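Structural characterization, general
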Amino acid sequence: MGCGSSVPTAVTVEDTDNVPGPPALRPSGPTQPDATPKPSQQPDATPKPSEQPQVSNDVPIVGASAPEEPPAAEEPAEEAPQAEETAPPAEEEERPQAAEEEALPAPEEVPPPVKQEEEETAPVQPSPAPAPAPRLIMGNIPSDLIIKYIDHEKYGEKMRKLLAAKELYRDNRMAKHFDLQYFESLDEDMQRGLLHLCNSGIENPDSSMGCYAMQPADYDRYKPFFSKVICDYHKVDASATQTNEWSLEGVEGIPDGGKLDLSLLGLPALSMRVRVGRNLADFPLPGAMTKEDRLNMETKMCEAFAKLIGMPEYGGRYNSLTPGHKDNITDEEYKQLVADHIMFKDMANDPYLASAGIASDWPFGRGGYVSEDRGFIIW
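Residues numbered from 1 in each chain as written. Predicted model: local features only at pLDDT ≥ 70, side-chain atom pairs only at ≥ 80, totals over all residues. Heavy atoms only, no water.

A few words on unusual backbone geometry. Most peptide bonds take the trans configuration, and most residues that are not glycine carry a negative phi. Of note, the bond from Trp 362 into Pro 363 is cis; its omega dihedral lies within 30 degrees of zero at 0 degrees. Mapped onto the elements, Pro 363 comes out in the loop between helix 14 (351-356) and strand 4 (367-370). The backbone of Lys 235 shows a phi angle near 55 degrees, a positive value even though the residue is not glycine. Within the secondary structure layout, Lys 235 lies in the loop between helix 11 (223-234) and helix 12 (291-309). Positive phi values are uncommon outside glycine, yet His 341 reaches one of about 60 degrees. (Helix = DSSP H or I, 4+ residues; strand = E, 2+ residues; numbered from the N terminus.)

This is the structure:
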């Protein structure tokens, strides 16, 4: 062996508590953990007679470490009793008093006398103050009325769109003059009818008018609404009346003799179109017509067209768009009439007319009469 090598022990240790010899003579092996208890847990280091280890001369001890002082002789074991002895007597005297103070229950909070008096007397509660007036938004519309209809089971969706158009699209005359308080005063049937004729402006908030009457009587039936819309469109007062004798007297720029002759003004021949709308009393207006209504109206009008076609000063023909009609024209003929500004365009592609119901059932019941010289057109 070289220098510095350890000498193996000849002792086999099975139980360190039963190894012969006193603790100071036990063989040195792997590092033992510090078994010194803390001052507060220091046990009595003197072994009891029954626990005193016995030394056996039959087991040789080789390489044993030098004897050490028993753990009981160390000073830290005496620190705890010293701390108790050196404690100031005044502190010991104060401890029982402090313990007594801690043992006392916390005083209960006594409610103020005023509260007790209020509870005992139980004065009569004053009547509740009147509810504040509904907050007004969107001009003079009470907020509770708005909440009622935007959450309405039947009208909620349309009302939300309508009131949004009222705030965001000021040129929409339908939304501008729609009065929610007036709507509230109507019965359910009239409410449903008013929303129907306003549907185009509800679904197309960028409309300039936004409403179409469904029956001629609607102008009187919903006069508080329609009168405002019509006056706004024509920029007249509701009390205004129109009278016309078709006289040009007093009109500036008219030639001598009072006759409107463009050639006398030095102007070339011009084209002028006069458009007049008429409705048949036997049928509702286009927005409320059914497919059957449209076909029946076309049949009735063809009777009048036949008379015009038989007159030499008119002549011409009727151009029907209804599939299967005897006067039905081809797609090429229809497109040419549209290009010549004689026939109306495909209504189904117009969202304003579609929302109003005017484009329904397209192209059934649609067509147009054109005179021989194309100077007289009915469609």
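Glancing now at the pattern of salt bridges. Enumeration over the complete set of coordinates arrives at 14 salt bridges. Between Asp 232 and Lys 176 there is a salt bridge, with its nearest N and O atoms 3.2 Å apart. Of this pair, Asp 232 sits in helix 11 while Lys 176 is found in helix 6 (residues 173-177), placing the two residues 56 residues apart along the sequence. Assessed through its relative accessible area of 47%, Lys 176 is described here as partly exposed. What emerges from the salt-bridge pattern is a single network uniting Glu 157, Lys 158, Lys 161 and Glu 203. (Salt bridge = Lys/Arg side-chain N within 4 Å of Asp/Glu carboxyl O. Buried < 20%, exposed > 50% of the residue type's maximum accessible area, 1.4 Å probe, protein only.)

Here we come to the side chain of Ser 207. Here Ser 207 shows up in the loop between helix 9 (199-203) and helix 10 (218-221). Looking at Ser 207, its side chain comes within polar contact range of the main-chain oxygen of Asn 204, at 2.6 Å. Dropping the residues within four chain positions of it, Ser 207 is found in contact with Asp 171, Asn 172, Ser 200, Gly 201 and Tyr 352. (Polar contact = N/O pair within 3.5 Å; in protein donor to acceptor, adjacent residues only side chain to side chain. Contact = heavy atoms within 4.5 Å.)

Take the sheet that holds strand 4 next. Taken together, the 3 strands give an open sheet; going across it, the order is 3-4-5, and neighbouring strands pair in antiparallel fashion. The open sheet is flanked by strand 3 (317-320) and strand 5 (377-378), the only strands paired with a single partner. Two elements, strand 4 and strand 5, share 2 bridges in a ladder whose sense is antiparallel. Within the sheet, the bridge partner assigned to Val 370 lies in strand 5 and is Ile 377. The strands touched by helix 12 within the sheet are strand 3, strand 4 and strand 5, with strand 3 carrying the most contacts at an inclination of about 155 degrees. (Pairing = 2+ DSSP bridges. Axes fitted to C-alpha atoms, helices over the stretch in contact; angles between N-to-C directions.)

What follows covers the packing of aromatic side chains. For the coordinates displayed, the defined rule picks out 11 aromatic pairs. The interplanar angle of 80 degrees and the centroid separation of 5.3 Å between the aromatic rings of Tyr 149 and Phe 183 together place this pair among those described as edge-to-face. Within this pair, whereas Tyr 149 is found in helix 4 (residues 143-150), its partner Phe 183 is found in helix 7 (residues 180-185), the two being separated by 34 residues in sequence. Taking the relative accessible area as the measure of exposure, Tyr 149 reaches 3% and is therefore buried. One aromatic cluster in this structure is built from Phe 305, Tyr 314, Tyr 318, Tyr 369 and Phe 376. Here Lys 291 stacks its cationic end above the ring of Phe 364, 3.9 Å away from the centre of that ring. (Phe/Tyr/Trp six-rings, centres within 6.5 Å; stacked < 30°, edge-to-face > 60°. Lys NZ or Arg CZ within 6 Å of the ring centre and 35° of its normal.)

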